[in-house]
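Here is how the chains run, residue by residue.
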Amino acid sequence: MVMYNRRSPVKYPSLPRKKEIRDGWEVVLEYRDQGTGPFLIDLSHIPKWDVQDARLSNVESWGELIPVLPGGCTVQNGTLVSRMNPTQAVIWHLLQADPVMPQYPAFTDVTDACALMAVLAKDVFAIMEKVTPLDLSTPSKKPPFLLQGPVLRVRCQIVLLDRKGEYMAVLIACSRGFGQSMTEALLDAAKEWDLRPGGETVFRDWLKEE
Amino acid sequence: MQIGCAHRLIRTYGVFPGECVVFSIGHDLGLEAALDLFDLGVHVKCVADSRTESQDPRLLEALSERKIPILPGWMALKAHGKTLKKVTLGTTDGTRFTDFNCDTLVASTGLIPANDLLSLLQTKMTYRRDMGFFLPEALPPKVFAGGGVLGLQHPQAIEVSGHSAGLEAAAACGIPLTGLIHEARERLQDLRGLPGGSKLVRAPEGEGKSFICFDTDTTVENIHQACDMGFDRVELAKRVTAAGTGPGQGGIPGHNLPLVLSEYLESSRPEPPTTVRPPLRPTLLATYAGSHYDIVKKTPIHEAQEKSGGIFRRVGVWKRARYFSRDFSSRDEIENVRNNVGIIDVSTLGKFRIFGPDALNALQRVYVGDMARIPEGKIKYSVMCNEDGCLIDDGVVVKRGENDYYFTTSTGRASATIEWIRYHTRYERWDFHVVNLTDDFGALNLAGPNARAVLERLAEGDLSQENFPFGGYREFVLGKTVPVRVMRLGFVGELSYEIHMPASFMETVWNLLFDAGGAFRIRPFGLEAQNALRLEKGHIIIGQESEIRATLHDLGLGLLWSRNKPEAKTVGAPALRFTEHQKGRMKLVGFEMENPARPPKDGAIVVDDAIRGYVFTARYSFTLEKSIGFALVEEQLAELGTRLAIFEDNMGEDRLYAEVVPTPFYDPEGQRLKM
């Protein structure tokens, strides 16, 4: 009997403590030995849309939420909108499980196109410094913002989210095929900070914090 | 040992460097170290200081208070014993000598200013004879320096100079700080400035060699010889003797070479040191030995293929299953596709959506075919050429809606496709958008005479040849759940379906197909089997049977070029017009070996009295029971029936022989595709 599962590109070595099936995806909510952070959290299952239009600000329903300048991001009700370039933006539904994509040509569902991981840590800059030459702590940008460049030599979209409490989060999106290699390399590179696989709940709870 | 070593032993590890220690130093830090070790209980027998002046008087006084003999203008000349028994000290002019019994010699000739950074900025350096250092004459515009780069060693002087440099940098950015800068400069003047350095650049004349570069074993004598040969400038002497070209990055010879030369040439003004180049600090071996991650791309069914016995090879950035058994001829996999049904992972193909009012214009620009003629429910195979008319990519295009297309590219070109389209439309104000869906979709090729029977078990609707013919395109749902895009293609020369599905569902689809194909004994096949199958069918692989000398016409694919769309300004079209009937071009040919059991190696050369071409790919065909291949040969050898002589490594006078034959080798009528 074949199960109609959807598979994440990322598989962690840890054992799940809690998990749930969501829209075909097996989502790990918590790992047995995930500790208290820093965490590497697989968010590859969250719905992702690509939006392209010559006039992005006019795009049906979403135009107003798209930042004016490339590199800009907005987060509203758990939905992250990042402007990639003058004609392209991406929308990641970090909290909403099954959003309805507008039937407008500008939108393309790219949920499966990339592996999306979050590094949630107190000292997120120190970890990221080891894996990317990009300057996430640049004073010229205020979180949330998007950078596009290499992480472990792989072209990625990197979003730095604002600090909440003691923790900050960086979202790293790379081509899906690189997902497993990137995960293994990230865990190894950040071993000195005891970076461990974390379940989705810890990220959702952090994101919902005021 | 050096002073740092002696310090580390006693301060970090609590170990005395020795019972009775002689110091031979050339800077104030050496004097401080002697005092420190003495205060920690080490017997310091004496301190030889190669300087005759400019010692910190407070340190001299402290040594005197502790009754430690200090010998200005002296240095260690010789260490005696396998384990040290005594050292010979002598004056730097080599006129006086004396021995001291001891079990440890702590030696350090001195420090030079760490001004390599300034040197990198093309700062002009001058030798300060009073100090014994090379120091900047003046700093370049907008450069402000402090601390060790100026040769300062006293902590307070370092701090104040850094503060002053920071203020000056801020002032240069337009912040009014004149008062503060003046104050900081005054404070700096009150502090102890540059310590005098050791002017010793070589040991006194004696029996032993005097080295100027320990990396390359260059001696002072070598420098003198270079001078005598006419290489009497710093840069010349460096190149002749290799002094300073080792891993030490010219640390010691950088400073001493000009001084040795100047002394030998009796010049009063030493030349500046040789050019400094990065890295200023050698890369640590630990850096090279550190983790090097092998970042590869894996397809969504990598694990599932591993479970099925896949043997993987790296292909570009991807890991792909090349074989599914240890029989690397892949005979069973090939025969299973020809006679039954096989399945291969082709997820690495580039996949794109292009949409917008000018999407068709963009496609017309980069594809040689007429993309305005894509019938509904059909695919269009086409190729892209570069500006020289050479084949760079192929794939299929389908029209999914008004101004909305889905197209595939070869694996190797996937990452360059968007840039290629953008580049060749950069002067047009066209409104179109491209989404890279390469990783968004997995793709499987289900191929073989039983392919339809397998797919019918999962798909609703009529998949017959009449309803879904060769060249057709359909979108439907597999197993009532998974949305798929399916193309009737024929790369391996059999009835086949290329199935594209959301990547996250790919493992499910793989399992579904194996479940449905169980009754037919479906099995996976790898890249090697695919290579042999498509070769039999006469299909080329971009990069494997294409190269920079071969245009579309040379490869026999000229029919794909639509010459009736000049308004599209198709990339490569002018070159195709120019070369279409050009004489003397190399041609792609198919060949059969005279000895059917012996294919030549890929890359073997076609020869007569010179090299006339080479073999792209050749394999023994289990289906045809003969060895076949593709070669690129000079035009005069491209005629059907021509006998080709093929040479391989270490063949001597022997040759392999083949005959040029028509292609496809297998199913030339294409009946198998239209089943």
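About the cut-offs
The residue numbers shown here count from 1 along each chain, following its written sequence. Here chains are named by letter from A upward and ligands by number from 1 upward, in the order in which they appear as written. Given that the model is predicted, a residue must reach a pLDDT of at least 70 before its local features are reported, and side-chain atom pairs must reach 80 or more before they are shown or counted; all residues, however, enter totals for whole chains, interfaces and linings. In DSSP terms, a helix is any run of H or I states spanning at least four residues, a strand is any run of E spanning at least two, and both are numbered starting from the N terminus. Radius of gyration: C-alpha atoms only; globule rule: 2.2 Å multiplied by the number of residues to the exponent 0.38. Partly exposed residues are those falling between the two cut-offs: more than 12 but fewer than 20 other C-beta atoms within 10 Å of their own, whereas 20 or more means buried and 12 or fewer means exposed, with C-beta atoms placed from the backbone. Here, residues touch in the contact sense if the C-beta positions derived from the backbone fall within 7 Å of one another. When DSSP finds two or more bridges between two strands, those strands count as paired. Note that Gly is not counted as nonpolar here; it falls among the polar residues with everything else outside the nonpolar set of Ala, Val, Leu, Ile, Met, Phe, Trp, Tyr, Cys and Pro and the charged set of Asp, Glu, Lys and Arg. Throughout, the arc means the angular range of directions from the helix axis out to the C-beta atoms. Annotation comment: domain bounds sourced from an automatic or database domain assignment. Axes here refer to lines fitted to C-alpha atoms; in helices the fit is confined to the stretch in contact. Angles between the N-to-C directions go from 0 to 180 degrees. Here roughly perpendicular refers to angles of 65 to 115 degrees, roughly parallel to angles under 35, roughly antiparallel to angles over 145, and oblique to all remaining angles. We call a crossing left-handed when the near helix sits turned anticlockwise from the far one by less than a right angle, and right-handed when that turn is clockwise.

1. Re the overall build of chain A
Right, on to step 1. The helix and strand tally for chain A stands at three helices and 13 strands.
Right, on to step 2. Computed over its C-alpha atoms, the radius of gyration of chain A comes to 17 Å, within 12% of the 17 Å expected for a compact globule of 210 residues.
Right, on to step 3. Oriented by its inertia axes, the alpha-carbon framework of chain A measures out at about 50 × 45 × 35 Å.
Right, on to step 4. A burial count over chain A gives 45% of its 210 residues as buried.
Right, on to step 5. Once local pairs closer than 6 in sequence are excluded, the contacts in chain A between residues at least 24 apart make up 62%.

2. Describing the pairing of strand E4 (residues 48-52) of chain A
Residue and element names in this part refer to chain A.
Right, on to step 1. Counting buried positions along E4 gives five out of five residues, so the element sits mostly inside the fold.
Right, on to step 2. Side chains Lys48, Asp50 and Gln52 project from E4 onto one buried face, and the interleaved Trp49 and Val51 project onto a second face that is buried too.
Right, on to step 3. Relative to strand E7 (residues 88-93), E4 is paired through five bridges, and the arrangement is antiparallel. Opposite Trp49, over in E7, you have Ile91 as the bridge partner.
Right, on to step 4. Bridge analysis of E4 against strand E8 (residues 107-109) gives three bridges, and the strand direction is antiparallel. Bridging across to E8, Trp49 finds its partner in Asp109.

3. Things to note about the interface of chain B and chain A
How big an interface is tends to be reported as the loss of accessible area on association of its parts.
Right, on to step 1. The interface of chain B with chain A comprises 29 residues on the first partner and 29 residues on the second.
Right, on to step 2. Secondary structure elements with two or more residues in the side of chain B that touches chain A: strand E12 (297-298), strand E16 (350-355), strand E20 (433-436) and helix H16 (506-517) of chain B.
Right, on to step 3. Sort the elements by how many residues they give to the side of chain B that touches chain A and H16(B) lands first, with five residues.
Right, on to step 4. The class makeup of the residues in the side of chain B that touches chain A is 12 nonpolar, eight polar and nine charged.

4. Some words on helix H7 (residues 220-228) of chain B
All names here are of chain B.
Right, on to step 1. Buried within H7 are the following residues: Val220, Asn222, Ile223 and Ala226. The buried residues of H7 occupy an angular sector of 160° when projected down its axis, which confines them to one face.
Right, on to step 2. Directly beyond the C-terminal end of H7, a positive phi value near 100° is found at Gly230.

5. Describing the domain arrangement of chain B
Right, on to step 1. On domain assignment, one finds that chain B holds domain 1 (3-108), domain 2 (116-190), domain 3 (224-286), domain 4 (302-347 + 440-534), domain 5 (350-436) and domain 6 (583-675).
Right, on to step 2. When each unit is reduced to the centre of its C-alpha atoms, the spacing between domain 5 of chain B and domain 6 of chain B is 33 Å.

6. Some remarks on the packing of helix H1 (residues 3-11) of chain B against helix H2 (residues 28-39) of chain B
All names here are of chain B.
Right, on to step 1. Packing of H1 against H2 leaves a shortest axis separation of 10 Å and a crossing angle of 25°. The pairing of H1 with H2 is recorded here as roughly parallel in orientation. Of the two elements, H1 crosses H2, and the hand of that crossing is left-handed. Contact residues: H1 offers Ile3, Ala6, His7 and Ile10, while H2 offers Leu29, Gly30, Ala33 and Leu37.

7. Focus: the environment of A:Lys141
Residue and element names in this part refer to chain A.
Right, on to step 1. The residue Lys141 is located in the loop between helix H1 (124-131) and strand E10 (145-151) in this model.
Right, on to step 2. Residue classification places Lys141 among the partly exposed residues on the basis of 16 C-beta atoms within 10 Å.
Right, on to step 3. In sequence terms Lys141 and Met168 are 27 residues apart; their C-alpha atoms lie 15 Å from each other.

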